[in-house]
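Residue strings, one per chain:
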Amino acid sequence: MGLSKTDRRLRIRRRIRKISSGTETRPRLSVFRSNKEIYVQLIDDVSGKTLAASSSRDKDIDAKGTKSEIATAVGKAIAEKAKKAGIETVAFDRGGNLYHGRVKSLAEGAREAGLKF
């Protein structure tokens, strides 16, 4: 019998984290996707600190429209917060999820708002 869906995702996540690490100048853009919401953080792995975070639960995010449209808005919000913190480039960490759907929408929203990765 093969791996369950969560086991497969965790295996991919560990594989990504082995090679992807964030620094203060180029933090890791970590995405967590639940069934209802989507969360994103800018993480400096050297000091172990979260530099900025945004999610679909934030008050400033308009939670209307499809989940993909909301994910795009979250991507734009994290890009704005990154710019305020003086961050231009990030290392994208999709957290074991496929680069498709909501994760892709979030990434494209962040790129539109000026983040480079």
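Procedures and definitions
Residues numbered from 1 in each chain as written. Predicted model: local features only at pLDDT ≥ 70, side-chain atom pairs only at ≥ 80, totals over all residues. Heavy atoms only, no water. Salt bridge = Lys/Arg side-chain N within 4 Å of Asp/Glu carboxyl O. Helix = DSSP H or I, 4+ residues; strand = E, 2+ residues; numbered from the N terminus. Buried < 20%, exposed > 50% of the residue type's maximum accessible area, 1.4 Å probe, protein only. Pairing = 2+ DSSP bridges.

Draft legend 1. Expanded view of the pattern of salt bridges. Counted by the stated rule, this structure contains 6 salt bridges. As a salt-bridge pair, Arg-17 and Asp-45 come within 3.7 Å of each other at their nearest N and O atoms. Residue Arg-17 is found in helix 1 (residues 5-19), and its partner Asp-45 is found in the loop between strand 2 (38-44) and strand 3 (49-55); the two are separated by 28 residues along the sequence. On the basis of relative accessibility, which here comes to 23%, the residue Asp-45 falls in the partly exposed class. A salt bridge links Arg-28 to Asp-45, with the nearest nitrogen and oxygen atoms 2.9 Å apart. One end of the pair, Arg-28, is in strand 1 (residues 28-33); the other, Asp-45, is in the loop between strand 2 and strand 3, and 17 residues separate them in sequence.

Draft legend 2. Seen up close, the pairing of strand 2. Extensive coverage of strand 2 is indicated by the burial of 5 of its 7 residues. Two strands pair when backbone bridges link them, and strand 1 and strand 2 are joined in this way by 6 bridges, in the antiparallel orientation. When the bridges of strand 2 are listed, Val-31 appears paired with Val-40. Counting the residues that bridge the hairpin from strand 1 to strand 2 gives 4 residues. Two elements, strand 2 and strand 3, share 6 bridges in a ladder whose sense is antiparallel. Paired with Leu-42 across the strands is Ala-52, a residue of strand 3. If you look at the hairpin formed by strand 2 and strand 3, you'll find 4 residues sitting between the two strands, and Gly-48 has a positive phi there, around 70°.

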